[in-house]
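Spelled out from the first residue to the last, the chains are:
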Amino acid sequence: SVPSLAASGEFLQCLSGNIPSQLVFTPSSPSFTSVLVSSIRNPKFFTPTTVRPLCIVTPTNATHVQAAVLCGRRHDVRVRVRSGGHDYEGLSYRSERPETFAVVDLANLRAVRVNRRAATAWVDSGATLGELYYTVAKAAPGLAFPAGVCPTIGVGGHFSGGGMGMMMRKYGFSVDNVLDATLVDATGRLLDKKAMGRDLFWAIRGGGGGSFGIVLSWKALFQSLYLGNCSDLVRTMSSQFPELGMTRADCREMSWLQSTVYINSGDANTTVETLLNRTTSLNTFTKNKSDYVKQAITEASWEKIFPWFNNAGAGIIILEPHGGRVGSIADAETPYPHRSGVLYNIQYVAFWTGNGTDSPNWIRGLYDFMEPLVSKTPRGAYVNYRDLDIGENTVIGGVTSYETGKVWGEQYFGGNFKRLAITKGKVDADDYFRNEQSVPPLVWRM
Ligand code: FDA
C-alpha cells in the first residue's frame, strides 16, 4: 500500500520522538544525498527516476532500529534495511515500483568484538567484510573468517544470503560458521538465537536479506587457517599438475590478512589498511546473473562460451568451486541449497560506463545459451547475486503471493523455499518486511 502524505508525516514525527534528529535524514536535509549514495555501488540505481526513500535512519543502537520498525508499523510505512548497500538490484535503498518507504542504514553499527580464547566474535551487521577481516586478524593473527572477496560488502546482507569466498571449500560459507545473532523482528522485539526459535535462526542464515527482520549482529566462529608454504605447494603441483610447470617463482607467501587484500586488488603492494576504506565509486554500471554447474562443461562447450566475451565487450564470468566442506553439509541444514553434487557456481558480470542504465544484451543472451549446460528444474541461482530477471513478487490482497514467489524462490532456495515461506508466515504474517524478492508468508488458515 502507498501510505498517505499524512501517514508519512506522522511516521516522521514518530521517529523524531524516539530517535535523535541528527540520525534521521529526509530529502530536505543537506546531507540526504551524500548519506543515500554513501554505499551505492551501481549508478543504475541512482538516477532522477529512481524511487528513493522518504527518509534514511542511521541508528547508533538497537533501540533506534526497534523504534523505526515500531513507527513504521504504526503508520504503515515499510522499512528497507541496508548494511553495505551491495545488493545487485539495489533493493536495500530503492524500490522498483512507486512506494513510500524508509531506509534503516546500519553503517554506524559496525563493531567487531573478538574473543580470542573462545575463537569467536560478535560482528555488527553494518561492518564491512574488510573491517571484519582486519579486526579479527589484528586481534588474533591465527584466526580467520570465511566470507566474500570484495572488502566493502556489508556483513548484514552478505551473511543473510550465505557468503561465499576463497575459504569456502575448507570452511564452508559464512553462515556455516554463525553461532548466534540478534534481530529486530516485525513487531519491533529484539531477539537472540534462543528467543528467535529454530526456524527463524535457520531462515536468517542464507534465506536472503530483507524478509525476516533486521539482523543487528552475528556471533561467528573462526578457525585457524593453514594453507601451506610455497615448497609444499610446488611439490603438490608438480605431482598433480606437472603440465603447468609451476615453480617457486609463481608463488607468493603471505598472511591470510594480506591475501584478502591481494585477491581483491591483484596488487601485492596494497596495504592491509585498505580493508578499512569504505569508499565506493559510482563509475561503473553492472548487471549480474548466476548459475550452478553439476556436470562438467566439456571443452567443446567452453570453446563456444568464450566468443561471447570477444564480441560482447566488458564482462567476466567467475567460477566458484563448491565441494569440500560446502558440499558435505546437508542441503536443508541452512537455506542455501546448492551443496551436494554442485561442482561450481558461475557468476556472470557485465560492466559498462556512460549513462545508459540498460544492461548489454549479451549477458542475457549468454545466460540463455548456458541453459542446457547448467542445473535444471529448477535452474539454480544464488540469492546474494540478486537478479530480478528470474522473477518478481506480486502482491495480492496486501500480501505477497506464494505462487509468484515460488518462481524465483525455488531457483534461489530449492526445496528450502517452502520452509522459508512457512517461517515468514509465523514471524511476519502481515508481510511488513517486503521487497520485490522477499520471501512471501505461507499461512494455512483454518
Ligand atoms: P545491502 O545492504 O544492499 O543488503 C542486501 C540485502 O540484504 C537487501 O535486501 C537488504 O535489505 C538486506 N539486508 C541488509 N542488511 C540486513 C540486515 N542487517 N538484516 C536483514 N537484512 C539485511 N557475494 C558472495 O557471496 N561472495 C563474493 O565474493 C561477493 N562479491 C561481491 C562483490 C561485489 C563488488 C558486489 C557488489 C557483491 C558481491 N557479492 C558477493 C554479493 C553480496 O554478498 C550481496 O550483494 C550481499 O547481499 C551484500 O550485502 P550488503 O549488506 O552489502 O548489501
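I will try to describe carefully the structure that is included in this document. (Residues numbered from 1 in each chain as written. Predicted model: local features only at pLDDT ≥ 70, side-chain atom pairs only at ≥ 80, totals over all residues. Heavy atoms only, no water.)

Once that is clear, we can look at the pattern of salt bridges. Scanning all chains against the criterion turns up 28 salt bridges. Between E89 and R94 there is a salt bridge, and its shortest N-O distance comes to 3.9 Å. For the pair shown, E89 and R94 are each scored as buried. A salt bridge links D199 to K426; its shortest N-O distance comes to 2.7 Å. Of this pair, D199 sits in helix α8 (residues 198–204) while K426 sits in helix α16 (residues 417–427), and the two are 227 residues apart along the sequence. On the accessibility criterion, K426 (58% relative accessible area) is exposed. If you follow the salt bridges from partner to partner, you end up with E89, R94, E96, K287, K289, R364, D387 and D389 in one network. (Salt bridge = Lys/Arg side-chain N within 4 Å of Asp/Glu carboxyl O. Buried < 20%, exposed > 50% of the residue type's maximum accessible area, 1.4 Å probe, protein only. Helix = DSSP H or I, 4+ residues; strand = E, 2+ residues; numbered from the N terminus.)

Here we come to the environment of L109. Topologically, L109 is positioned in the loop between β4 (101–105) and β5 (112–115). A relative accessible area of 11% means that L109 is categorised as buried. Note: C-alpha distance between L109 and M370 (261 residues apart in sequence) is 41 Å. If sequence neighbours within four positions are ignored, L109 has contacts with P59, T60, N61, V65, D124, S125, G126, A127 and L216. (Contact = heavy atoms within 4.5 Å.)

For the rest of this paragraph, the subject is the site of the ligand. Around the ligand, the structure places 33 residues, and the nearest of them are V81, S83, S92, M164 and Y382. The contact in question runs from a nitrogen atom of the ligand to an N or O atom on the side chain of S125, over 3.3 Å. Contact with the protein chains covers 93% of the free accessible surface of the ligand, which is 960 Å². Of all the secondary structure elements, the ones that give two or more residues to the shell around the ligand are β3 (78–82), α5 (155–161) and β10 (214–221). Here the element with the most residues in the shell around the ligand is α5; it accounts for 4 residues. Per-class residue counts for the shell around the ligand are 11 nonpolar, 18 polar and 4 charged. (Near = heavy atom within 4 Å. Polar contact = N/O pair within 3.5 Å; in protein donor to acceptor, adjacent residues only side chain to side chain. Areas by Shrake-Rupley, 256 points an atom, 1.4 Å probe, with all protein chains shown as cover. Nonpolar A, V, L, I, M, F, W, Y, C, P; charged D, E, K, R; others polar.)

Turning our attention to the state of the cysteines. By definition, a disulfide links the sulfur atoms of two cysteines through a covalent bond. Using the criterion set out here, one finds 2 disulfides in the structure. One disulfide in the model links C14 with C71; its S-S distance is 2.1 Å. Taking the torsion about the sulfur-sulfur bond, which here is approximately -75°, the covalent link between C14 and C71 counts as left-handed. Here C71 lies in helix α3 (residues 62–75) and C14 lies in helix α1 (residues 5–18), a separation of 57 residues in the sequence. (Disulfide = S-S within 2.5 Å.)

This next bit is on the environment of A203. Residue placement: A203 occurs in helix α8. Given a relative accessible area of 0%, A203 falls into the buried group. Note: C-alpha distance between A203 and K424 (221 residues apart in sequence) is 8.6 Å.

Let us now look at the pairing of β10. Counting buried residues along β10, 6 of its 8 residues qualify, which places the element largely inside the surrounding structure. Relative to β10, strand β6 (residues 120–124) runs antiparallel, the two being bridged by 5 bridges. Bridging across to β10, D124 finds its partner in S217. (Pairing = 2+ DSSP bridges.)

It is worth spelling out the packing of helix α4 (residues 129–139) against helix α10 (residues 256–265) at this point. The contact between α4 and α10 brings their axes to 9 Å, and the two run at 160°. As the angle between them shows, α4 and α10 are arranged roughly antiparallel. Handedness of the crossing formed by α4 with α10: left-handed. In this structure, α4 uses Y133, Y134, A137 and K138 to contact α10, whose residues at the interface are W256, L257 and T260. (Axes fitted to C-alpha atoms, helices over the stretch in contact; angles between N-to-C directions. Parallel < 35°, antiparallel > 145°, perpendicular 65-115°, else oblique. Left-handed = near helix turned anticlockwise from the far one by under 90°.)

Here we take up helix α9 (residues 230–240). Residues C230, V234 and M237 constitute the buried set of α9. Axial view of α9: buried residues confined to an arc of 70°, hence all on one face. Turned more than 90 degrees from where α9 packs its buried face, R235, S239 and Q240 sit exposed. (Arc of directions from axis to C-beta.)

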